[in-house]
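Chains, contacts and geometry: an overview
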Amino acid sequence: MNLYNEVKECLADILPIRDKIHSNPELSFEEHNTTKIIKDFLLDIGIDVIDLGTDTGVVGVLRCKNKNSKKIALRADIDAIATDNGAMHLCGHDYHTSALLCCAKYASQNIDKIKNNAIFIFQPAEETTTGAKYLINNGLWDKFPFAPDMMFGIHNRPEMADGTVRVQSGPLMSSKSDFTITVKGKTGHSGSPHQCIDPITASASIVQAVQTIISRNTDPFQPCVCAICSIHGGSPSNFAPESVTMTGSIRSLDKDTHINCERRLREIVANTCSAYGCTCDIDIKSLVPVLNNTEAMTEKALKIAQNAVSDDKIVTSTPCMGSEDFSVYGEYIPYYFYWIGSGKAGYDNAPWHSADFSIGEEFLPTASSIFVSALMTELN
């Protein structure tokens, strides 16, 4: 069975919705118009909408006719990213949403073919990696007429050829912790440095010293990132500020590596500040675990992919150090996360969040086919 051509015919009614969502991007937890568009569409095609009492995000349910079927949750993210010019869909969530809407439409129109019950999850706030936990905390698994047996999600991947599907076990995307460092000194006139405790000098040393966490404290065979991404402090040119604030993130594919990185960050910041006569506050927030595709779920994912696309479209690739809060669902149920290629042949395809980001024509029908196949494939 190859669903691609059959599902592609369903996209005619979806493309205008994609264009509407694309031209009206909304930031995390502000997806009010996007939520309304999705909800209205699902109700129009006969999908039951579950009220979680949330301001944004939509969850729909479709029951198949097979009483012994599996219960499959399918997830798409709906938010855009913040840019200097406002919100923009530079990560493809408008396409992800459209793929799941296409699946919902196909399933509702072909209910006799569907082998599994469906839960359609249109999740807010993936860009802030907080939307999955938000839905769960608002009763995502408690308010369903049935509990899901497993869950599948998709994301475009510009580095992969348009229309290819990654099926591979193991870590796919990294765990993530965000940190805020506040370096506190003593303000004073720059002409009297001996009367000041300059947090800028201490902060400059921290920025340099933090680089050694990866180069000197981390197993080189364990990917890890510890990045200071912003630094704020001072204004006029004639005095030392009271404090400097830095923010950043830690990402890894291994739990022990992540714990070690957090420990070394605390030690380096505290001891560097002490050496310069400063004090500090360090706040580290763990946001998402590693997104890991297990071997058992990979077997199911391969079966789904083989029913959706031709074998030559099924590929493998290396993981990346970006993070995805889809991994949070894995703390509750088995899951699998697909990358689906969106890179256009012959182009220098821009990565996620780039102003030049775009998606190839084969992504949407391929992603829709994967979603549909998850509902039409018998899964143990």
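**As for the sheet that holds strand S10 (residues 175-184)**
Read across the open sheet, the 4 strands follow the order S12-S14-S10-S15; overall the sheet is antiparallel. Looking at strand neighbours, the two that pair on one side only are strand S12 (224-232) and strand S15 (279-288), the edges of this open sheet. Adjacent strand axes in the sheet meet at a mean angle of 20°, parallel and antiparallel pairs treated alike. Where S12 meets strand S14 (residues 243-252), 8 bridges bridge the pair, whose relative direction is antiparallel. Bridging across to S14, Ala 227 finds its partner in Ser 249. Running over the sheet, helix H6 (residues 199-217) touches S10, S12 and S14 and is turned about 165° from S12. Contacting S10, S12, S14 and S15, helix H7 (residues 255-275) crosses the sheet at an angle of about 165° to S15.

**A closer look at the packing of helix H3 (residues 32-44) against helix H4 (residues 93-109)**
Remark: H3 packs on H4, axes separated minimally by 10 Å, with the N-to-C direction vectors making an angle of 10°. Regarding the angle of H3 to H4, the classification is roughly parallel. The interaxial crossing formed by H3 with H4 has right-handed handedness. Of the residues in H4, those touching H3 at Ile 38, Phe 41 and Leu 42 are Thr 97, Leu 101, Ala 104 and Lys 105.

**Points about unusual backbone geometry**
What is expected of a backbone is that most residues other than glycine have negative phi and most peptide bonds are trans. With phi around 50°, Thr 129 is a residue other than glycine that occupies positive phi space. Along the chain, the position of Thr 129 falls in the loop between strand S6 (117-123) and helix H5 (131-137). Positive phi values are uncommon outside glycine, yet His 353 reaches one of about 75°. Take His 353: it is sitting in the loop between strand S18 (335-343) and helix H9 (363-376).

What counts and how
- Residues numbered from 1 in each chain as written.
- Predicted model: local features only at pLDDT ≥ 70, side-chain atom pairs only at ≥ 80, totals over all residues.
- Heavy atoms only, no water.
- Pairing = 2+ DSSP bridges.
- Helix = DSSP H or I, 4+ residues; strand = E, 2+ residues; numbered from the N terminus.
- Axes fitted to C-alpha atoms, helices over the stretch in contact; angles between N-to-C directions.
- Contact = heavy atoms within 4.5 Å.
- Parallel < 35°, antiparallel > 145°, perpendicular 65-115°, else oblique.
- Left-handed = near helix turned anticlockwise from the far one by under 90°.

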